[in-house]
Amino acid sequence: MNRTQVSGMRPPLVPLATLIGRELRNEKVEIPSIKYGQAALAKKGEDYFLIRSDCERIPGNPASSFSVFGIFDGHNGISAAIFAKENLLHNVMTAIPQDIGREEWLQSLPRALVAGFVKTDIEFQQRGETSGTTVTFVVIDGWTVTVASVGDSRCILDTHGGVVCLLTVDHRLEENAEERERVTASGGEVGRLNVYGGTQVGPLRCWPGGLCLSRSIGDMDVGEYIVPIPHVKQVKLSNAGGRLIIASDGIWDALSSEMAAKSCRGLPAELAAKLVVKEALRSRGLKDDTTCLVVDIIPPEYSVLPPTSMKKQNKLSSFIFGKVSQNSTSKSTSKRSSVGVVELFEEGSAILAERLGKDFPRTYSGLFRCAVCQVDQPPNERFSVNSGPFFTPPSKAWEGPFLCTNCQMKKDAMEGKRPGRRTVST
Ligand SMILES: [Zn+2]
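Definitions and limits used
Residues numbered from 1 in each chain as written. Predicted model: local features only at pLDDT ≥ 70, side-chain atom pairs only at ≥ 80, totals over all residues. Helix = DSSP H or I, 4+ residues; strand = E, 2+ residues; numbered from the N terminus. Buried ≥ 20, exposed ≤ 12 C-beta atoms within 10 Å, placed from the backbone. Contact = placed C-beta atoms within 7 Å. Core = buried A, V, L, I, M, F, W, Y, C linked by C-beta atoms within 7 Å. Expected span 1.5 Å × (residues − 1). Bend = angle between axes of the 7 residues up to and from the residue. Pairing = 2+ DSSP bridges. Axes fitted to C-alpha atoms, helices over the stretch in contact; angles between N-to-C directions. pLDDT = per-residue confidence, 0-100.

J.: I'd like a description of the overall build of the protein, backed by residues and values.
T.: Across its full length, the protein holds twelve helices and 18 strands. The proportion of buried residues among the 426 residues of the protein is 43%. For the protein, contacts bridging at least 24 residues in sequence account for 67% of all contacts bridging at least 6.

This is the structure we're talking about:
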C-alpha cells in the first residue's frame, strides 16, 4: 500500500492547535460587538461614570475580553463616588477564583459583585469621610449581561422585540416597602422631614442621617443598615442583541423606562445618550445631575443595532423572562427570536449569609481567606467558620463562608447587631 492509498482511506489528522484555532474563530463569530455613548449635564457635579471596554478575564488574551460600565451618583460630597469608581472593579475581580473557565467565571460573578461592593464600602468608610454614592455596575461578557446595583441609578434593557425591562431595583425608602421593613427591623427609623408645626414634607428618609436611599456605598454618618449589598441580575440576550440604558435618577425622575428607550431607538449609541439627556431636560428641566450611558450589544454581522422588530409588541414584559420558551420549534428555527432574553440569576437579599452561599471555607496555602475582602488569616486566628464553635454571635451561628474579623464586624453591624463603624474603624 503506498502513501496515496493510505491518505485516501483515512482523514488526515488535524493538529490540536488548528482545532483550537478553529474553535476560537467560531466562537469569535458569535461574539457581539459593543458600541457605547455617554452624555451628562451637571447640576451639583456629583455624578461619575466608568467605561472599560478593554477588560480581559485572562490577561493578555483578547478572546477573553469583557466590558464594564458604571454610574456612581454621589451625595453629601463626591469622594465616595470617586472612590467606588476607582476601586470597585478591582475589588470585584479579586473576589473571583483564578484559573476558571468562562462559564464558571460568569457563575461566580454575582457573588464576587456582592463581595466587591461590601469591600469597597468598608475601605471607603475606613477613610473617615462622610459622603455616599449609588452604584449601578454592568458587566457584559458576550451575550451575558450582569448588573449589580445599590441606590436608584437604573439600568434598563431594550430588547430587539421592543420590550423594555428593568435590570435593577430602586432602593428608595419611599418606593420599597420591603427595604423600609428591613431598615426598621435593624434599628433605623423611617419617616419624613418634620417642619414647623409638625408638618411632614419630602420623601421617606432614614433617621439618623436623613438619607432617602436604603442601600449605598459610603454614608458613614447614617446607620449601618443602609447596606452596600447590591441587587444582582444576570440575563442572556438572544443573538439579536439589545440596548442598555444606564443612568442616574436625573433621567428616571423625568422619564419612564419606556419613554427613555423610545426616545432614542434606531439611533447610534453616542447620539442616543445625548437624546435621552435632552429628553429628560425637556420634560423636567435641570433639577439634578443627569448622566446617561447607552450601550449597544450588536450582532457580529451588523455595524449598528438592527432595527427593533415591532411586529408583535405586547405589554407582557414578564413573558420575555418566562424561562426558555416552551415552543422549542420557534426557538430553534428563529435564531433572532424577539423574546429571546433568558434570566440566568436574580437575587436582592440584604442578608450577607444568603448572598455569599454556604460553601465551606476555602483553604489557601494553609490560610483562611475572607470571602469578602480576600485577606488571608492563619487558621489560629479564625473565629467565624461556619461550624460555629469558634464564634458565638448575639443571635444565631453564622452559616456563611469564612470572614475575617473586620468583615465579620461589618456583617453584624449591617444586621443591626453592633453599633458598627466606631468599632470597625478602631
Ligand atoms: Zn474580610
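J.: Describe in detail the nonpolar core, supporting the description with residues and values.
T.: Most often, soluble globular proteins have nonpolar side chains that are buried together. Counting residues in each nonpolar core, the largest one holds 97 residues, and the members touching the most others are Val-138, Ile-245, Val-276, Cys-292, Leu-293 and Val-294. Take this core: its biggest share by element is ten residues, from helix H4 (residues 102–125). If we skip the residues at most four places from it in the chain, Val-138 touches Val-68, Phe-69, Gly-70, Val-145, Val-147, Cys-155, Leu-244 and Ile-246.

J.: Could you give me a rundown of helix H3 (residues 79–93), with the residues and numbers involved?
T.: Owing to its 3.6 residues per turn, the α-helix aligns residues three or four sequence positions apart on the same side. Its 15 residues give H3 an end-to-end C-alpha distance of 22 Å, which sits within 8% of 21 Å, the value for a rise of 1.5 Å per residue. If you look at H3, its biggest bend is around 40°, right at Asn-87. Looking only at H3, the buried set comprises Ala-80, Ala-81, Phe-83, Ala-84, Lys-85, Leu-88, Asn-91 and Val-92. Elements in contact with the buried residues of H3: strand S2 (47–56), strand S3 (65–75), H4, strand S4 (132–133), strand S5 (135–141) and strand S11 (217–218).

J.: Summarise the sheet that holds strand S14 (residues 290–298); cite the residues concerned and give the values.
T.: On the basis of which strands lie adjacent, the open sheet formed by five strands has the order S1-S14-S13-S7-S8 and antiparallel pairing. Among the strands making up the open sheet, the edge pair consists of strand S1 (33–41) and strand S8 (164–166). Averaged over all pairs of adjacent strands, the angle between their axes in this sheet comes to 20°, without regard to strand direction.

J.: Would you mind going over the confidence of the model for the protein in detail, with residue names and values included?
T.: Chain-level pLDDT for the protein is 83 on average; 77% of the residues reach the 70-or-more range. Considering only residues more than four positions removed or in separate chains, one finds that residues 1–11, a stretch of pLDDT under 50, has two contacts.

J.: Kindly report on the environment of Val-304, identifying the contributing residues and their values.
T.: Along the chain, the position of Val-304 falls in the loop between S14 and helix H9 (328–333). Look past the residues within four positions of Val-304 in its chain and what remains in contact with it is Pro-268 and Ile-298.

J.: Residue-level account of unusual backbone geometry, with values.
T.: Geometrically, the link from Trp-207 to Pro-208 is a cis peptide bond, its omega value of 0° lying close to zero. Along the chain, the position of Pro-208 falls in the loop between strand S10 (200–207) and S11. Although it is not a glycine, Asn-76 sits at a positive phi angle of roughly 65°. Counting through the fold element by element, Asn-76 comes out in the loop between S3 and H3. Phi at Gln-374 is positive, roughly 65°, even though this residue is not glycine. On the secondary structure map, Gln-374 appears in the loop between strand S17 (367–369) and strand S18 (376–377).

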